[in-house]
Amino acid sequence: MSTSPLLKVESLSKRFGGNQAVDHVNFEMPEGIILGLIGPNGSGKTTVLNMLSGILKSDEGAIYLQSQEISKLKPSALARLGVMRMFQMTRVFSRISSFDNLLIAGQAVGVSFKEAVEIADQLIAELELEAVKFLDAGQLSGGQKKLLEFGMCFMRSPKLALLDEPFAAVHPQMRETMVNFIHERHRQGHSFLLVSHDMPIVQQLCSECICMNTGQVIAQGTTKEVLSNPLVIEAYLGGEHV
Ligand SMILES: Nc1ncnc2c1ncn2[C@@H]1O[C@H](COP(=O)(O)OP(=O)(O)O)[C@@H](O)[C@H]1O
Ligand SMILES: [Mg+2]
């Protein structure tokens, strides 16, 4: 097994006008963990995920996936390398069925049609979407759309799944389905970078965490250490919006 980290981020920075949204962020992520990325609203978490998934170009810094520099790659190239992104705002094709959404997602990452049908069926069962399998995705509830988007990221097992607040505004029952899905995939050795405000779930799922505030990493370590770090507590209490 390779000893290089799955993901290495070096001095990653992004500025929007006068706003330094991400300010020289450094971290490493070993393979096979669920790494939590927490921090108050506006601290730069989504911007980090946007750079990791190739949606935004960084101003500075470098990103390595298993020692390969991926900083300049487009989302499609990153998806082929196994970096999949789930959005804070759900993105599904609303005028085709849930099942077809999965097939299209599979096709986009080079899965054959026959294989895609099998995997899609399995994901539909795992994500408890049987009742809406042939319904246009536009008719799904917010939570069901998130579950479907989850499935779309897993048509070919990603090396690294980037999840941006997947549990926000999702019905508790579907939240549990999602948590179980992440748990099970983690047990199989998959790696996740999880942005979430849901601290009980972060504690349950993530062995390690990074906390950002105003674009900078202010703490990293075990989730227990990070959540009890005074800087982290102050960042959450001191912000305008928690
Ligand atoms: N596309 C953008 N254009 C201008 N400012 C942005 C853009 N995206 C994010 N920002 C700003 O960057 C900062 C970090 O935002 P974001 O990464 O969304 O934070 P988080 O996900 O932690 O809530 C915020 O101040 C936000 O207003
Ligand atoms: Mg965000």
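Residues numbered from 1 in each chain as written. Chains lettered and ligands numbered in written order. Predicted model: local features only at pLDDT ≥ 70, side-chain atom pairs only at ≥ 80, totals over all residues. Heavy atoms only, no water.

Visitor: What exactly am I supposed to notice about the pairing of strand S8 (residues 191-195) here?
Guide: Walk down a regular strand and you will see the side chains alternate between the two sheet faces. With respect to burial, S8 is a largely interior element, 5 of its 5 residues being buried. Residues Ser191, Leu193 and Val195 of S8 are buried on one face, and the alternating residues Phe192 and Leu194, pointing to the opposite face, are buried as well. Where strand S3 (residues 34-38) lies against S8, 4 bridges are found, and the strand directions are parallel. Looking at S8, one finds that Leu35 is bridged to Leu193. Across 5 bridges, the pairing between strand S7 (residues 160-164) and S8 is parallel. Residue pairing across strands places Asp164 opposite Val195, the latter belonging to S8. (Buried < 20%, exposed > 50% of the residue type's maximum accessible area, 1.4 Å probe, protein only. Helix = DSSP H or I, 4+ residues; strand = E, 2+ residues; numbered from the N terminus. Pairing = 2+ DSSP bridges.)

Visitor: Where do I start with the packing of aromatic side chains in this structure?
Guide: For any pair of aromatic rings, geometry is given as the distance between the ring centres together with the angle between the planes. Overall, the coordinates contain 5 aromatic pairs when judged by the stated rule. Here the aromatic rings of Phe150 and Phe154 are separated by 6.4 Å at their centres, their planes lie at 10°, and the arrangement is stacked. Grouping residues by exposure puts Phe150 and Phe154 together as buried. With centroids separated by 5.0 Å and ring planes inclined at 85°, the aromatic side chains of Phe154 and Phe181 adopt a geometry described as edge-to-face. Taken together, the residues span a long stretch of sequence, with Phe154 in the loop between helix H5 (142-153) and S7 and Phe181 in helix H6 (residues 172-187) at a distance of 27 residues. Assessed through its relative accessible area of 3%, Phe154 is described here as buried. One residue, Lys133, lies across the ring of Phe99, its end atom 4.6 Å from the ring centre. (Phe/Tyr/Trp six-rings, centres within 6.5 Å; stacked < 30°, edge-to-face > 60°. Lys NZ or Arg CZ within 6 Å of the ring centre and 35° of its normal.)

Visitor: Please explain the pairing of strand S1 (residues 7-16) as it appears in this structure.
Guide: Here 7 bridges tie S1 to strand S2 (residues 19-29), and the two strands are oriented antiparallel to one another. Pairing of Phe16 across the sheet is with Asn19, part of S2. Here S1 hands over to S2 after 2 residues, with Gly17 in that stretch at a positive phi of 60°. Alignment of S1 against strand S4 (residues 60-65), held across 5 bridges, turns out to be antiparallel. If you follow Lys8 over to S4, its bridge partner there is Tyr64.

Visitor: Would you mind going over the environment of Ser53 with me for this structure?
Guide: On the secondary structure map, Ser53 appears in the loop between helix H1 (45-52) and S4. Separated by 177 residues in the primary sequence, Ser53 and Pro230 place their C-alpha atoms 31 Å from one another. Residues within four places of Ser53 in sequence aside, it is in contact with Pro75, Leu78, Arg85 and Leu162. Among the polar contacts made by the side chain of Ser53, one reaches the main-chain carbonyl oxygen of Leu49 at a distance of 2.7 Å. A polar contact of 3.5 Å, which involves the side chain of Ser53, links it to the backbone oxygen of Asn50. (Contact = heavy atoms within 4.5 Å. Polar contact = N/O pair within 3.5 Å; in protein donor to acceptor, adjacent residues only side chain to side chain.)

Visitor: In this structure, what is going on with the sheet that holds strand S10 (residues 216-222)? I would like to understand it.
Guide: Whenever strands of a sheet pair, they do so through backbone hydrogen bonds, lying parallel or antiparallel. The 6 strands lie next to each other as S6-S7-S8-S3-S9-S10, forming an open sheet whose pairing is mixed. Looking along the sheet, the strands with just one partner apiece sit at the ends: strand S6 (83-86) and S10. Here the strands of the sheet are splayed against their neighbours by 15° on average, with no regard to which way each runs. With 4 bridges connecting them, S3 and strand S9 (residues 208-213) associate as parallel partners. Within S9, the residue paired with Leu37 across the bridge is Ile210. (Axes fitted to C-alpha atoms, helices over the stretch in contact; angles between N-to-C directions.)

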